[in-house]
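Coordinates in review
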Amino acid sequence: MKLAILSESPADEAALRVLIEGVLGEPVQIVQAALRARGWPSVAQVMPAIIRHLHFNTDAEGLAVVVDADDSIVHTATHDAPGYFHPQCRLCQLRAVFRQTVKKLPPARGRERILRGVGVAVPAVEGWYLCGRDESVSEAAWLEGQASGTPPYTRHQLKWRVYGTERPSLPHEIRCALEEAKRHARDTSRLENDFPGFRSLARDLRTWRKSAR
Ligand SMILES: [Zn+2]
């Protein structure tokens, strides 16, 4: 399957590729997104241009987008109700940008539209890397912390636990990210269970297999 990946760093994108292959159960071919984004809100801002580029100039079947939640509102099942949209939820926002962009595009290169894959890492992608390795780390733990006003951990602490430093070199970051992504790719069920923001991405990806065949 040919797809483009848009995330907040080259290390995230390398790990995401492995996770996506784990969910799809097949190797993927990466199509360059043509533009890079670094952090929020830049990802949401460049997405329409990237979608148009992929749609008209490439044979990518889909675009997978993942951002960190940071301190934003966490997407919950309530947000999945038809027509519901939470303006402070990044998952809802990215889905809305996707929907609004693709609906204006005429069919191109033999397909109706670029397929959507959207995920949000709560509060940061390092949470996904620690899943199953550090029992205190989960989306539920973060949500409880938001409700009580006492976060269970900070994003800096998550970085320490994954990289052994707050400012890893890019090669070290990629090495650590890939190691954890490969562990999850063998079986993504724990990550999907503990991180609904990943499960949303996985569910999107599973609809691709049906659309493409
Ligand atoms: Zn939402």
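This text goes with the structure placed above it.
On a predicted model such as this, the values are computed, not experimentally measured, just so you know.

Details of the nonpolar core
Core analysis: the biggest nonpolar cluster contains 68 residues, and Leu6, Met47, Leu63, Trp128 and Phe198 have the highest contact counts within it. In contact with Leu6, other than residues within four places in its own chain, are Glu13, Ala37, Val43, Val46, Met47, Ile50, Leu63, Ala64, Val65 and Val66.

Side note on the sheet that holds strand E3 (residues 62-68)
Spatially, four strands are ordered E2-E1-E3-E4 in an open sheet, and the strand pairing comes out parallel. Every other strand in the sheet has two partners, leaving strand E2 (29-30) and strand E4 (115-121) as the edge strands with one partner each. Pairing of strand E1 (residues 2-6) with E3 involves four bridges; the strand directions are parallel. Pairing of Leu6 across the sheet is with Val65, part of E3. Running at roughly 140° to E1, helix H1 (residues 10-24) makes contact with E1, E2 and E3 of the sheet. Packed on one face of the sheet, helix H2 (residues 42-57) meets E1 and E3 and runs near 170° to E3.

Some points on H2
Between its first and last C-alpha, H2 extends 22 Å over 16 residues, near the 22 Å set by a 1.5 Å rise per residue. The sharpest bend along H2 measures roughly 35° and falls at Pro48. When H2 is considered as a whole, its buried residues turn out to be Ser42, Val43, Ala44, Val46, Met47, Ile50, Ile51, Leu54 and His55. Here the buried face of H2 lies against E1, E3 and helix H3 (90-102).

Concerning the pairing of E3
Of all the seven residues making up E3, seven are buried; the element is thus mostly covered by neighbouring parts of the structure. Burial along E3 is two-sided: the face carrying Gly62, Ala64, Val66 and Asp68 and the face carrying Leu63, Val65 and Val67 are both buried. Here E3 pairs with E4 via seven bridges, running parallel. Following the sheet pairing, Val65 is matched in E4 by Val118. A crossover connection joins E3 to the parallel E4 through H3; in handedness this β-α-β unit is right-handed.

Some remarks on H3
When the terminal C-alpha atoms of H3 are compared, their 18 Å separation across 13 residues agrees well with the 18 Å that a helix rising 1.5 Å per residue should span. For H3, the tally of buried residues reaches 10 of 13 residues, placing the bulk of the element in the interior.

Quick word on the pattern of salt bridges
Under the counting rule described, the total for this entry stands at 15 salt bridges. With a closest N to O distance of 3.5 Å, Arg17 and Glu21 form a salt bridge. One end of the pair, Arg17, and the other, Glu21, are both in helix H1, four residues apart, so they sit about a helical turn from each other. The exposure class assigned to Arg17 is partly exposed, which follows from its relative accessible area of 33%. Classification of Glu21 by relative accessible area gives partly exposed; the value is 23%. With its nearest N and O atoms 2.9 Å apart, the salt bridge here joins Arg90 to Asp70. One end of the pair, Arg90, is in helix H3; the other, Asp70, is in the loop between E3 and H3, with 20 residues separating them in the sequence. Among the charged side chains, a salt-bridge network with shared partners connects Asp70, Asp71, Arg90 and Arg155.

Procedures and definitions
- Residues numbered from 1 in each chain as written.
- Predicted model: local features only at pLDDT ≥ 70, side-chain atom pairs only at ≥ 80, totals over all residues.
- Heavy atoms only, no water.
- Core = buried A, V, L, I, M, F, W, Y, C linked by side-chain atoms within 4.5 Å.
- Buried < 20%, exposed > 50% of the residue type's maximum accessible area, 1.4 Å probe, protein only.
- Contact = heavy atoms within 4.5 Å.
- Pairing = 2+ DSSP bridges.
- Helix = DSSP H or I, 4+ residues; strand = E, 2+ residues; numbered from the N terminus.
- Axes fitted to C-alpha atoms, helices over the stretch in contact; angles between N-to-C directions.
- Expected span 1.5 Å × (residues − 1).
- Bend = angle between axes of the 7 residues up to and from the residue.
- Right-handed = clockwise from strand over helix to strand, strands pointing away.
- Salt bridge = Lys/Arg side-chain N within 4 Å of Asp/Glu carboxyl O.

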